[in-house]
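For reference, the chains in residue letters:
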Amino acid sequence: MSATPPLILVDGSSYLYRAFHALPPLTTRSGQPTGAVKGVVNMLQKLVKTYSPTHVAVVFDASGPTFRDEIFPEYKANRPPMPDDLRSQIEPLHALIRAMGLPLLCEKGVEADDVIGTLAKRAAAQGMPVLISTGDKDIAQLVDGHVTLINTMTDTILDREGVIAKFGVPPECIIDYLALVGDSVDNIPGVPGVGPKTAAKWLQEFGSLDALLEKADSIKGKAGESLRASLDVLKLARELATIKCDVELPLTFDDLHPAAPDTDTLLRMTQELEFKTWHAELEKGGIASIAAPTAAALPAVEKPELERRYHTVFTQEDFDALLQKLSSAKAFCVDTETTSLDYMRADIVGLSFSLQAGEAWYVPVGHDYMGAPDQLPRDKVLAALKPILENPAIGKIGQHLKYDIHVLANHGIALQGFVFDTMLASYVLDATATRHNMDAMAALYLGVETTTFEQIAGKGVKQLTFNQIPIGDDSEPAAAHYAAEDADITLRLHDVLAEKLEQEPALLKVFRDIEMPLAPILEKMEHTGVLVDAAMLAQQSRELGERILALEKEAYEIAGQEFNLGSPKQLGHILYEKLGIPAPKKTATGQYSTAEDVLEQLDHPLPRLLLQHRSLAKLKSTYTEKLPELVNPKTRRAHTSYHQAVAATGRLSSTDPNLQNIPIRTEEGRRIRQAFVAPAGWKLVAADYSQIELRIMAHLSEDEGLLNAFRHGEDVHRATAAEVFGVPIAEVTSDQRRNAKAINFGLIYGMSAFGLAKQLGIGRGEAQSYVDMYFARYPGVKHYMESTRALAAERGYVETLFGRRLMVREINSKNQAQRQGAERAAINAPMQGTAADIIKRAMIAVDAALTGQESRARLLMQVHDELVLEVREDAIADITALLKDKMGAAAELAVPLIVDVGVGMNWDEAH
């Protein structure tokens, strides 16, 4: 095997058809087919996880005719039209693949095979190994010393010997073989009556089709007659079967590096497609992308054979020896194995420790399967460990230690000496380089393939909980080995990541001063939870259900028939065919678009009703129905999980429940917030930064116009309107202010004049004139944007005010859409990232100020730029002053940080 990572070329069209026909059909609740999308994504994940390519492309057939249709108009004439259920999955599949960070190619006029062949030959010419993932027999003609095929459906690999074993001829004879046999699916004519065995026999005997034709007269029987009658057909068939390997492709191998994932798009799409497991992994910081880091971004690491000395502790004597080692250590790695990922319900099954790389101990205390060996009593083990784990002078190293803090707290242990979290270190070093779970980091930073939980616990509904997994011995992939490996690998990762952070002082400061201190604060907030009025939510759910049914009936009346409001196909028929509404947009597959932005453009009562129906249905399914299920029956509170290592900008995300996306702009959304309540004698206090990203823009751009507006406490949108439209500030109209607000926020997010025109409902020329006037009045902003783009292009990243690094790897991409997206991110990321750093610093300062005051106030929630606290009624004035002071001092900007504080019996009132 070559030491060079292979170029992975995926025959996406082959994947698509195989997934569609081989896997059971799946649909969302709205009727959108998703089975083929899920199947293709699963195959891609498996493939890239196995090979970790530095170069990869997923290639699909483009719509429209190809050069083969010009050669032979009947080409593929026998193929039935693509089923609607498959056609509707192409667009979301392409969008998902791009969001994962995988280069996707679709070239007009040729087939996917031709693009694959061209790239394979180019790579082979440069000495790069190529792995083509396909089930298409035609591509066997490309196999040589550099090119290998893999079939992910059957897990079979075809090299030269494999091709000979399968087809009876070597790769260089495959074109001749295909010409002789023909292809009824593609309508390629072959020799009538000649099948695979006869074709292989002839080519084995004569060596090539040309040599066979020279001896055609010697072939006896009907087969010989058919061969001689097919001379003209064979020439055509061979031309049709030959993969074109000289397609002009406007790209280089640099364009085939996997890119950073678009986590926001993945979160949105996995929710829309109802891929619940993947969506949950994304929200919890799991798989955001199946793409490996680029070779340019991270050097390849050798894959060493690890020395491993793992011990399972069953006896008191061995446990006492381990206690002595731990109590005399300066620092050690600790990991817990539990019965559940739900930190409020998890019980400890065992603990693992490592003090030096290559050696680890597992102490099982809760394996209760039939035939489980005797283990040390859990209560006695934890009592003996408690003084060590609570000793702040002994450093504790771990992977996602916030979870371990939770479960130890469930057993009465307050973990102290929290000095290094490998997940947070990896995230700070490069938020988008990898997933930040231990398995992915071990592969990236250590070159080690670790034992996965699924390997020892199984999958799906039959998956075992850790207490049910056999302990095994220290060397086999069972519970003891898995747990000890967790501690060992985490300690090895600490050694690597700590050294990398030491070489980056700014990132080290972010890690030590922001992310590490924040983790135990988040743990306290999660454990406290927020009180939820489940009865109120149940009432809201019933009311929403009634309104949804009423809207459906109204829709049927307008349409003149009943139909599935969630079916894009049925909806497109009703809107554009039956009602005759002009269709402003079609999907890439030629279907009528029923996307939200399209429906908003339609001047008709039905689309407006449909948008309202979608909004209410989402609120009901996502919040009023689900939130009560997430309330802990003991505490009557919802205990969210905050994730520090997901968003590339440094923002926190939350799951179970997701507190970040509860709507606030609609009455129905605000009613959901009313169900988050304060207990008797307490109030909810919400403290929110005012226009923080615009203030950061003023600081970073040093634009005098913006600085003056904020320094003088002006309404910045009104001030911008006055500047842009050249009117006195007192005469600014509400429409002018609205337009100025769209410009202010649009430019922060890198919006173009086209995007602004769409948002404001005006012509592109008028929108461009607004942007031009804005930059004329605020030249510092324009200079900031231009210099930021240039710096990002030079370095490949931008930074927040506090030194957090935000990668923009596509900034120099030859793909215009990718490059422009990276440029927008480069402009926005320093502002959004700095805002994330500020709120985190504020949380650390507020928590420190509240230490010892838990009976008066406690942090409950963080939602973007807002902190929500539970405050005793007699302490509200003090805590309000504290919040304004500590949050206002979280950063020193050229303009003041303004904190708005609200108080109420529920979250809506407080906000």
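What this report covers is the structure whose coordinates are included nearby.

Parameters at a glance
Residues numbered from 1 in each chain as written. Predicted model: local features only at pLDDT ≥ 70, side-chain atom pairs only at ≥ 80, totals over all residues. Heavy atoms only, no water. Helix = DSSP H or I, 4+ residues; strand = E, 2+ residues; numbered from the N terminus. Rg over C-alpha atoms; globule rule 2.2 N^0.38 Å. Buried < 20%, exposed > 50% of the residue type's maximum accessible area, 1.4 Å probe, protein only. 1 Å grid on protein atoms, 1.4 Å probe; cavity = no way out; pocket = protein on both sides within 12 Å on 5 of 7 lines; lining within 4 Å. Points joined across faces, edges and corners; volume = space filled by probe spheres on them. Nonpolar A, V, L, I, M, F, W, Y, C, P; charged D, E, K, R; others polar. Pairing = 2+ DSSP bridges. Axes fitted to C-alpha atoms, helices over the stretch in contact; angles between N-to-C directions. Parallel < 35°, antiparallel > 145°, perpendicular 65-115°, else oblique. Left-handed = near helix turned anticlockwise from the far one by under 90°. Contact = heavy atoms within 4.5 Å. Core = buried A, V, L, I, M, F, W, Y, C linked by side-chain atoms within 4.5 Å.

With that settled, consider the overall build of the protein chain. The helix and strand inventory of the protein chain stands at 37 helices and 22 strands. The C-alpha radius of gyration of the protein chain comes to 31 Å, within 12% of the 29 Å expected for a compact globule of 911 residues. With the C-alpha coordinates aligned to their principal axes, the bounding extent of the protein chain is approximately 105 × 85 × 55 Å. Relative to its full complement of 911 residues, the protein chain shows a buried share of 54%.

Before going further, it helps to spend a moment on empty space enclosed by the protein. Taken as a whole, this structure holds five cavities of 30 Å³ or more when the rule is applied. Its boundaries defined by the atoms lining it, the largest cavity holds a volume of some 80 Å³. Surrounding the largest cavity, Arg68, Tyr75, Glu111, Asp113, Asp114, Asp138, Asp186, Ile188, Leu240, Ala241 and Ile243 form its lining. Among the secondary structure elements, those contributing two or more residues to the lining of the largest cavity are helix 5 (112-125) and helix 11 (231-241). Taken together, the residues of the lining of the largest cavity sort by class into five nonpolar, no polar and six charged.

This part takes up the sheet that holds strand 9 (residues 348-356). The six strands lie next to each other as 7-10-9-8-11-12, forming an open sheet whose pairing is mixed. Of all the strands in the sheet, the pair left with one neighbour each is strand 7 (309-312) and strand 12 (418-421). Taking each pair of neighbouring strands and ignoring which way they run, the sheet shows an average axis angle of 25°. When strand 7 meets strand 10 (residues 359-364), the two strands line up parallel, connected through four bridges. Bridging from a neighbouring strand, Thr312 pairs with Tyr362 of strand 10.

A few words on the packing of helix 16 (residues 401-410) against helix 21 (residues 505-528). Axis separation between helix 16 and helix 21 bottoms out at 9 Å; the angle between their running directions is 50°. Regarding the angle of helix 16 to helix 21, the classification is oblique. Like other packed secondary-structure pairs, helix 16 and helix 21 cross with a definite hand, here right-handed. The segment helix 16 lies against helix 21, with Lys402, Ile405, His406, Ala409 and Asn410 engaging Ala519, Leu522, Glu523, Glu526 and His527. The residue makeup of the contact of helix 16 with helix 21, split by class, is four nonpolar, three polar and three charged.

Where helix 2 (residues 35-51) contacts helix 4 (residues 84-100), the two axes come as close as 8 Å, and the packing angle between them is 35°. You can see that helix 2 and helix 4 cross each other, and the crossing is right-handed. Where helix 2 approaches helix 4, its residues Gly35, Ala36, Val37, Val40, Val41 and Leu44 are matched on the opposing element by Leu86, Gln89, Leu93, Leu96, Ile97 and Met100.

Another point: the sheet that holds strand 3 (residues 104-105). Across the sheet, six strands lie side by side as 3-2-1-4-5-6; this open sheet has mixed pairing. Of all the strands in the sheet, just strand 3 and strand 6 (156-158) have a single pairing partner and so form its edges.

Once that is clear, we can look at the pairing of strand 8 (residues 331-338). Where burial is concerned, most of strand 8 is hidden: seven out of the eight residues are buried. Here strand 8 runs beside strand 11 (residues 395-398); their pairing, made up of three bridges, is parallel. By the bridge assignment for strand 11, Phe332 is matched with Lys396. The sheet contact formed by strand 8 and strand 9 spans six bridges and is antiparallel. Within strand 9, the residue paired with Thr338 across the bridge is Ile348.

This part takes up the nonpolar core. Of all hydrophobic cores here, the largest spans 172 residues; its most connected members are Phe676, Tyr689 and Met887. At 11 residues, helix 21 tops the list of elements feeding residues into this core. With near-sequence residues (within four places) excluded, Phe676 lies in contact with Val530, Leu531, Val532, Leu627, Leu659, Ile662, Leu684, Met861, Met905, Asn906 and Trp907. One finds Phe72, Phe167, Ile188 and Ala200 within the second-largest nonpolar core, a separate group that totals 55 residues.

Note that every value here comes from positions in space, so none of it alone points to a role or purpose.
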